[in-house]
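An overview of the molecular structure
So the chains spell out like this:
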Amino acid sequence: MGHKLTLPKYSIGTGDRFAHQAKAQLDACIRALDHGVEVAPVWNKSNREHMIIGSEPAETRRAADEAVKAKGWRLPYFVDADHIGEQTMGRFLSSSDFYTIDVADFIGRAADAEDIDRFVHATGALEGKIALRGTDEAITITKDDRRQAAAKFLAAVKVAGTVYRKIEAVKGRGRFITEISMDETDRAQTPAELLVILAAIAREEIPVQTIAPKFSGRFNKGVDYVGNLPQFDREFVQDVAAIEFAVKQFGLPAELKLSVHSGSDKFSIYPAIHRTMARFDAGVHLKTAGTTWLEELIGLAEADGDGLALAKDIYREAYAHREELCAPYATVIDIDPARLPSADIVQRWSSEQFTGALRHVPDAPLYNSSLRQLLHVGYKVAAQMGRRYLDLLESNEAIVARNVTENLYARHIVPVFMGKPK
Ligand SMILES: [Zn+2]
C-alpha cells in the first residue's frame, strides 16, 4: 500500500486567506532550495478562517496544486486542515493531507479514573530524574506528577485518538500527516507535561508527526514575541530534548518534531529556535498565517493609486469596526488604542507612510504594531469587499508577489531554517 506520507524535517506553514499567493509563497521555498535547504510548504487554513472569508477547503487545495505545477516543484507539499476537531473535520476530508487536531478545549476535562490509574502504572519509565540529552537540568517526574498531568491531559489525548481514527478510516493509514495542537489554551505546558502528553499519545497509537504545545510568552498575531527570551530558549531546548527522548522511549514516529504556532513574525525567538535545531539536529514546523495577507496590503499600498486607496478604505472600515474585529482574537492581540491613527489621518498618508507603518521592520521609525495588529484581524473587511479586493490583487500581482515572497523568505525562512541574519 505505498509508502508512508512523511513531513520533511523542515517545513513552513503558510496561510493564504484569499488563495491568491500560493505561487509567491512557493517561490520563497524555491529560493531556500536554491541555497541548498529544503523547506516543505504546507498551506494551512482553519475552519474559522474559511467561515470568516466564506471560502472552501477545495480552493486551498486547488491553489496549492496549481502553484506546484506552475513552478515545477517536485518535492513534498501539503494542505493542512488547521485546528480541526470532530465537528469540523468533515469538510476537509477530500482536500487535505495534513490534519491539525486541536484538543486544547479538552485540556482539564475529567478523564476516566481507571484510565488514569492504568496510565500511571504503564508509564513507570517516566519516574524520577530524567536526563534529557543536551540539557543541563534533569527533569524530575514523580508518580503524583504523572497522575496530575494525566488528570489534566488524558481526556484531551483520547479525543485526539478518536478524531485521528475517524480521519484514518477515510484517508487510510499513513496517507496523511497528523499534528496535535494544544496551543490555544491559557497556560504553557512544561517540558515534563509534554513528556506525559507524548506518552499518552503513544499509548493512544496516534502516529503524530508534529506537536504544537503552548510556549510561555505572548504570541500575538502578526507581531513579534513578547516575553522572557531566556525562558523561551530554555523551554524550547527542553521541549526538543523531550521529543527526542519520547521518540526513543515510546516508539513514536522518528520524524516527530515541534510545530510552532507562531501567529507569524516572532523574529526575536527565531535565532533561539535555529540554534536549538542545529544543536539537536532537529526539525521544526513553523506555522505562520496572517503575514501573507498583510503583505498583500503592503503590496497594494506600494502600488499607490487604486491600490493605496483600497488599503486606506480597508483601514477605515477596520478602524470603525475595531471592537467587533478584535473580539474573536482578544487573547492574541495587544492593541494600544492611543497608537491607532484615525482613518482621516491615514487617508492623507503617502504610499511610503502606509507601507512604513505596516511593514514588519520592528526598528523602522514609521512602524506601528497597533495598526499592524488591527489590519491583521481586519481581513474580514477585505473578504466583504469581494471582487473589488480580488481584482486589485490580480491587477497588482507582481508587486504583491514580490512582497509576499521576500517577507516569507527573508524574515521567516532564512532566520529559522538557514540561520543567517535577516
Ligand atoms: Zn495554533
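Residues numbered from 1 in each chain as written. Predicted model: local features only at pLDDT ≥ 70, side-chain atom pairs only at ≥ 80, totals over all residues.

On to the overall build of the chain, then. Broken down by element type, the chain carries 17 helices and ten strands. Viewed in the frame of its principal axes, the chain has a C-alpha envelope of about 70 × 50 × 40 Å. By residue count, 48% of the 422 residues in the chain fall in the buried class. Long-range pairs, those at least 24 residues apart, make up 79% of the contacts in the chain with a sequence separation of at least 6. (Helix = DSSP H or I, 4+ residues; strand = E, 2+ residues; numbered from the N terminus. Buried ≥ 20, exposed ≤ 12 C-beta atoms within 10 Å, placed from the backbone. Contact = placed C-beta atoms within 7 Å.)

Phi at Glu205 takes a positive value of approximately 60 degrees, unusual for a residue other than glycine. One can find Glu205 in the loop between α6 (191-203) and β8 (210-212). Overall, the presence of 11 C-beta atoms within 10 Å leaves Glu205 in the exposed class. Unlike most non-glycine residues, Asp304 shows phi in positive territory, near 65 degrees. Turning to its location among the elements, Asp304 is positioned in the loop between α9 (291-303) and α10 (305-320). Its 17 C-beta neighbours within 10 Å are what place Asp304 among the partly exposed residues.

Contact geometry for α9 and helix α13 (residues 351-358): axes closest at 8 Å, N-to-C directions at 165 degrees. The angle between α9 and α13 falls in the class roughly antiparallel. Seen from above, α9 lies across α13 with left-handed handedness. Touching Leu294, Leu297, Ile298, Ala301 and Glu302 of α9 are Ser351, Phe354, Thr355 and Leu358, all from α13. A class-by-class count of the residues in the contact of α9 with α13 yields six nonpolar, two polar and one charged. (Axes fitted to C-alpha atoms, helices over the stretch in contact; angles between N-to-C directions. Parallel < 35°, antiparallel > 145°, perpendicular 65-115°, else oblique. Left-handed = near helix turned anticlockwise from the far one by under 90°. Nonpolar A, V, L, I, M, F, W, Y, C, P; charged D, E, K, R; others polar.)

Glancing now at the nonpolar core. Of all hydrophobic cores here, the largest spans 123 residues; its most connected members are Phe153, Ala160, Leu195, Ile201 and Ile413. A per-element tally of this core places helix α5 (residues 143-171) first, with twelve residues. Looking at which domains feed residues into this core, each of domain 1 (10-291 + 409-418) and domain 2 (294-403) supplies at least three. Residues contacting Leu195, with those up to four places away along its chain left out, are Leu126, Ile141, Ala242, Phe245 and Ala246. (Core = buried A, V, L, I, M, F, W, Y, C linked by C-beta atoms within 7 Å. Domains from an automatic or database assignment.)

Another point: the domain arrangement of the chain. When the domains of the chain are assigned, the result is domain 1 (10-291 + 409-418) and domain 2 (294-403). On a C-alpha basis, the centres of domain 1 and domain 2 stand 29 Å from each other. Facing 20 residues of domain 1, the contacting portion of domain 2 comprises 20 residues. Considered class by class, the residues forming the side of domain 1 that touches domain 2 number seven nonpolar, eight polar and five charged.

What follows deals with α9. Residue pairs three or four apart in sequence face the same way in an α-helix, which turns once every 3.6 residues. Look at α9: 18 Å from first C-alpha to last across 13 residues, which is about the 18 Å you get at 1.5 Å a residue. Counting buried positions over the 13 residues of α9 gives twelve, a clear majority of the element. Within two residues after α9, Asp304 carries a phi angle of roughly 65 degrees, on the positive side. (Expected span 1.5 Å × (residues − 1).)

To continue, consider the sheet that holds strand β4 (residues 98-102). Strand order around the closed barrel formed by eight strands is β1-β2-β3-β4-β7-β8-β9-β10, with parallel pairing between neighbours. Across this sheet, the average inter-strand angle for adjacent strands is 25 degrees, counted without regard to direction. Note: strand β1 (residues 10-14) against strand β10 (residues 284-287), four bridges, orientation parallel. What sits directly across from Ser11, in β10, is His285. (Pairing = 2+ DSSP bridges.)

Where burial is concerned, most of strand β2 (residues 40-46) is hidden: six out of the seven residues are buried. Taken together, the four bridges between β1 and β2 define a ladder with parallel strand orientation. In the sheet register, Thr14 faces β2, and the bridge partner there is Trp43. Tracing the backbone out of β1, into helix α1 (residues 22-34) and back to the parallel element β2 gives a crossover that is right-handed. In this structure, β2 lies alongside strand β3 (residues 78-84), joined through five bridges in parallel fashion. Directly across from Trp43, in β3, lies its bridge partner Val79. (Right-handed = clockwise from strand over helix to strand, strands pointing away.)

Glancing now at the environment of Arg322. Structurally, the position occupied by Arg322 is in helix α11 (residues 322-326). Classification of Arg322 by C-beta neighbours within 10 Å gives partly exposed; the count is 16. Along the backbone, Arg322 and Gly90 are 232 residues apart, and their C-alpha atoms lie at a distance of 32 Å.

Right, let's get into the environment of Gly108. On the secondary structure map, Gly108 appears in the loop between β4 and α4 (113-122). Gly108 gets classed as partly exposed once you count the C-beta atoms within 10 Å, which come to 15. The sequence separation of Gly108 and Ala156 amounts to 48 residues, and the corresponding C-alpha distance is 7.8 Å.

Before going further, it helps to spend a moment on α13. For α13, the complete set of buried residues consists of Phe354, Thr355, Ala357 and Leu358. Buried positions in α13, seen along its axis, are confined to an arc of 160 degrees and lie on one side of it. At its buried positions, α13 is contacted by α9, α10 and α14 (369-376). (Arc of directions from axis to C-beta.)

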